[in-house]
Amino acid sequence: MVTIPPRTARDTAAASQDHGLADRAGDPVDSPVPRFGVLGPVEARHEHGPVDLGPPKRRVVLARLLLDAGQPVSVKRLLRDLWPADSARPGAVSTVHSHISRLRMVLEPDRAAGHPSTLLVRDPAGYTLRVPRRALDSSIFESLVDEAGRQLRDGHSEQAQRAAVEALQLWRGPAFADAIDHEFVAPEVNRLHSLRQTAQELQVTALLDMGRGDFAVPLAESLTLTAPLREASWALLMKALYATGRGAEALQQYERFRRELAEELGVDPGPALRRLHQAVLTEDTSAILPARRSPRPVTGGAPAGRTAAPPGRTRELERICSLAPRAARGEGTQWAAVSGPRGAGRTWLVEEAARTLETQGFTRVRMRCRGLADTSRSPAVVGPAARLLGQLGATPSGAAAQVPSEEAALAAMLTPLAEGRTVIVADDGDTFCAACRELLRHLGMFLRDEPVVVLCSTTDRGDTSVAALLSAVDRQHLLRVELPELALDDVRALLEAAGEGPEEAEDLLRRSEGNMLVLRALMELPAAERLGPKAVPAGLSSAAAARLEAVGPSAADMVRKAAVCGADLDAPLLAALLGITREALLGLVDAAAGAHLVVWQQGAGAGEDAGRYRFHSVMREAVLSTLSRAEKQLVHASAAARLSEWGGRHHAAAVHHLLRSGPLASSEELAQACRSAGAYFEEQGQPDAARCWFEYAEAPGGPWPQDAAGAAHGAREAAPDPPPPEAGRAR
């Protein structure tokens, strides 16, 4: 049994007899609205006690509706999810209607006979269970986990620990326990259980930050039992053991985890855990348990609850927050369009602005895009609109479906948005499906004088459809915010905020290329490891692996080969290595650019000078980290063979790849490539470069001549492209 430090009244409320459905202090739930629980057996409670939900299948129906609370679920979807192998069986539709009817009766016992339900309603898109976020325990849980992480980042360890405890006390058993055998809950169950593990890790981290290693050890031990291959949990256990003077046990736990990884997956622990192991061996306490951080102050007279903006983004946050008073004063619906490259801080900015507006009386809702086509006969935007309104505890009225024009129907549906101050967050608007984009356009048409602020973020890839999203917005009510790359002063300020000197500012700016996400990830590494070519934060390595999987095997193979070949994408060489046309290659490159694995850098001229696709330096290293040494050597050997076939200036580049081909390149092959490069430079009237190559041909295993290295690079950059290889020609 783990003893937790004294709790506040807020903690006690969460652990009351309502078993996770008690109201949070300061966040009451209106008595007519039942409170629902899915963090355990599915349950519902009125103010006077639990609701008798009836037989198991009815609980599964409720679980399916709660999974998409506030969003319509069609009868066809209910049938497919409830009886996946026999959804067309006789009587299935009647059974669903019967369960819905009984749920309405028990969830709304005071509803007068003949009056329509206001909780479980039906519209053209299906059945919708109107559940405010504050009435669903999983939503409260997620908010508390977010709060715990935010408090921990701001240096408020005690508050972080309390929020984590309160979040974990909401759990009563496995999530969606009544429907655990149904496939439709599997993704959400996995997500919630992973988030629960995160909450436990935040709790342990906060305890270590508070100097309570004695409480942290048993909690960390339980983490490694529930997720035996989760590296972060083992790291916390090692830190907790070291903090309590049990360094030898910390080393034993590392060896235990290393053996389990080798036996189960055939891999070694990641670099972060290896560094921790080394720190325990050398008793480097500062690397294992960093000094406790001071709470981060809120500066500039920000409203209570607002986090101070990071350097380089303060002005943008203030500009967006200035829209709230205008909307509140009745100056019309206000829009902010935040654009910038991936990693520039767009999501942080719109979310932080939304949090600030919440402290000023606004209700935050998010546009959630599922990326699915709407195949119903109702207007395409009905589904997205219903999901949006569901977060307000509202639902499209039945009368809206009877209005003959789509515009009038949507106007009727969106009426609840005008009933109070609302901030709508539409993050990554350029990734929205057609239905969500259409809804955003309609919001611009219908929301004119309401106290609403719409925050939309997009990338700056030049997608023309993004501009169309905002075409209906009155220009005087639209604030455009472009996030530039970080400047040197911004990096210096970030280092200063972290308690570090500015000496590395220029190198970090160059390494991060002014990208906020990359810079922050680099700063999380130990100072001695930030600037080397192999400095790849674990988060970016994971992101690279996920993006490679997302683009598909063909594009992923292209990206990996391109990363081996160099920082810039060499189209002729890649087409030859892949055995495809350059036109087909461009399709793969476009997919990689869409996943932000490569970027387009605009040039100043035309033709070859018009621009190039290239890797961000850290992203290239992250991609390379997904390849073994042997895999990289194979690519180098293939590239060297192709370049040698092309001859001329390509002999110099072939040497570059042969040197990195390991056992696949013999000394004679390397010497011959050097002689061929020397002959090329001799023909070009460059005797000094030719001499270096000939000298190197006599001792290919010796040190690389600097002049020859420069000549190899120069030859590859300056000479024209080779003719398309036979394998790459269209047939």
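Let me sum up the structure you'll find in this document. Keep in mind the model is a prediction, meaning the values are calculated, not measured.

**A few points about the overall build of the protein chain**
- Broken down by element type, the protein chain carries 32 helices and 12 strands.
- Looking at the protein chain residue by residue over its 731 residues, the buried ones come to 48%.
- Sequence-distant contacts, at least 24 apart, represent 67% of the contacts inside the protein chain between residues at least 6 apart.
- Total accessible area computed for the protein chain in this model is approximately 34400 Å², and 51% of it derives from carbon and sulfur atoms.

**Remarks on unusual backbone geometry**
- Its identity is not glycine, yet Phe176 carries a phi of approximately 50°, on the positive side.
- Secondary-structure assignment places Phe176 in the loop between helix H6 (157–168) and helix H7 (186–209).

**As for the packing of H7 against helix H9 (residues 231–243)**
- Viewed as axis vectors pointing N to C, H7 and H9 meet at an angle of 20°, and their least axial separation amounts to 11 Å. Between H7 and H9, the crossing angle belongs to the class labelled roughly parallel. H9 is crossed by H7, and the crossing has left-handed handedness. In this structure, H7 uses Gln197, Glu201, Val204, Thr205 and Leu208 to contact H9, whose residues at the interface are Ala232, Ser233, Leu236, Lys239, Ala240 and Ala243.
- Class assignment for the residues of the contact of H7 with H9 results in six nonpolar, three polar and two charged.

**Regarding the environment of Pro325**
- With respect to the helices and strands, Pro325 occurs in helix H14 (residues 323–328).
- Under the relative-accessibility criterion, Pro325 is labelled partly exposed at 34%.
- C-alpha separation for the pair Pro325 and Pro451, spaced 126 residues apart in sequence, amounts to 9.3 Å.

**Some words on the pattern of salt bridges**
- The full count for this structure, using the stated rule, is 22 salt bridges.
- With a shortest N-O distance of 2.9 Å, Glu142 and Arg191 are connected by a salt bridge. Taken together, the residues span a long stretch of sequence, with Glu142 in helix H5 (residues 137–153) and Arg191 in helix H7 at a distance of 49 residues.
- Asp489 serves as the salt-bridge partner of Arg492, at 3.4 Å between the closest nitrogen and oxygen. Linking Arg492 with Asp489, this pair stays in helix H20 (residues 488–497), spanning three residues, or about one helical turn.

**Some remarks on the sheet that holds strand E6 (residues 334–339)**
- Taken in spatial order, the five strands of this open sheet run E7-E8-E9-E6-E10, and their pairing is parallel. If you trace the sheet from one side to the other, it starts and ends with strand E7 (363–366) and strand E10 (478–482), each paired once. When the angles between neighbouring strand axes are averaged without regard to direction, this sheet yields 15°.
- Sheet strands touched by helix H13 (residues 314–321): E6, strand E9 (452–458) and E10. Its angle to E10, the strand with the most contacts, is close to 170°.
- Seen against the sheet, helix H18 (residues 434–446) touches E6, strand E8 (422–426) and E9 and runs at an angle of roughly 145° to E6.

**Focus on helix H22 (residues 516–523)**
- Of all the eight residues making up H22, six are buried; the element is thus mostly covered by neighbouring parts of the structure.
- For H22, the full list of buried residues reads Met516, Val518, Leu519, Ala521, Leu522 and Met523.

**Thoughts on the nonpolar core**
- With 55 residues, the main nonpolar core has Leu65, Leu66, Leu107, Leu129, Phe141 and Phe176 as its most contacted residues.
- Listing elements by their share of this core, those giving two or more residues are helix H2 (56–67), helix H3 (75–82), helix H4 (92–107), strand E5 (126–129), H5, H6 and H7.
- Apart from the residues within four sequence positions on either side, Leu66 is in contact with Phe36, Val38, Val42, Leu129, Val131 and Leu136.
- Listed in part, the 39 residues of the second largest apolar core include Val551, Ala576, Leu578 and Leu597.

**Remarks on the sheet that holds strand E2 (residues 43–46)**
- The strand order across the open sheet built from three strands is E1-E2-E3, with neighbouring strands paired in antiparallel fashion. On the outer flanks of this sheet lie strand E1 (35–37) and strand E3 (49–50), each paired with one strand and no other.
- The pairing of E1 with E2 spans three bridges and is classified as antiparallel. Its bridge partner being in E2, Gly37 is matched across the sheet by Glu43.

**Thoughts on the pairing of E2**
- Along E2, one buried face is formed by Glu43 and Arg45 and the opposite face, lined by Ala44 and His46, is buried too.
- Where E1 hands over to E2, the hairpin turn is made up of five residues, of which Gly40 adopts a positive phi near 140°.
- Where E2 and E3 come together, two bridges link them in antiparallel fashion. Following the sheet pairing, His46 is matched in E3 by Gly49.
- Between the antiparallel neighbours E2 and E3 lie two residues.

**Here's the deal with the pairing of strand E4 (residues 120–123)**
- Where E4 and E5 come together, four bridges link them in antiparallel fashion. Residue pairing for E5: Leu120 is matched across the bridge by Leu129.
- Turn length for the E4-E5 hairpin, with the two strands adjacent in sequence and antiparallel, is two residues.

Criteria and cut-off values
Residues numbered from 1 in each chain as written. Predicted model: local features only at pLDDT ≥ 70, side-chain atom pairs only at ≥ 80, totals over all residues. Heavy atoms only, no water. Helix = DSSP H or I, 4+ residues; strand = E, 2+ residues; numbered from the N terminus. Buried < 20%, exposed > 50% of the residue type's maximum accessible area, 1.4 Å probe, protein only. Contact = heavy atoms within 4.5 Å. Areas by Shrake-Rupley, 256 points an atom, 1.4 Å probe, with all protein chains shown as cover. Axes fitted to C-alpha atoms, helices over the stretch in contact; angles between N-to-C directions. Parallel < 35°, antiparallel > 145°, perpendicular 65-115°, else oblique. Left-handed = near helix turned anticlockwise from the far one by under 90°. Nonpolar A, V, L, I, M, F, W, Y, C, P; charged D, E, K, R; others polar. Salt bridge = Lys/Arg side-chain N within 4 Å of Asp/Glu carboxyl O. Pairing = 2+ DSSP bridges. Core = buried A, V, L, I, M, F, W, Y, C linked by side-chain atoms within 4.5 Å.

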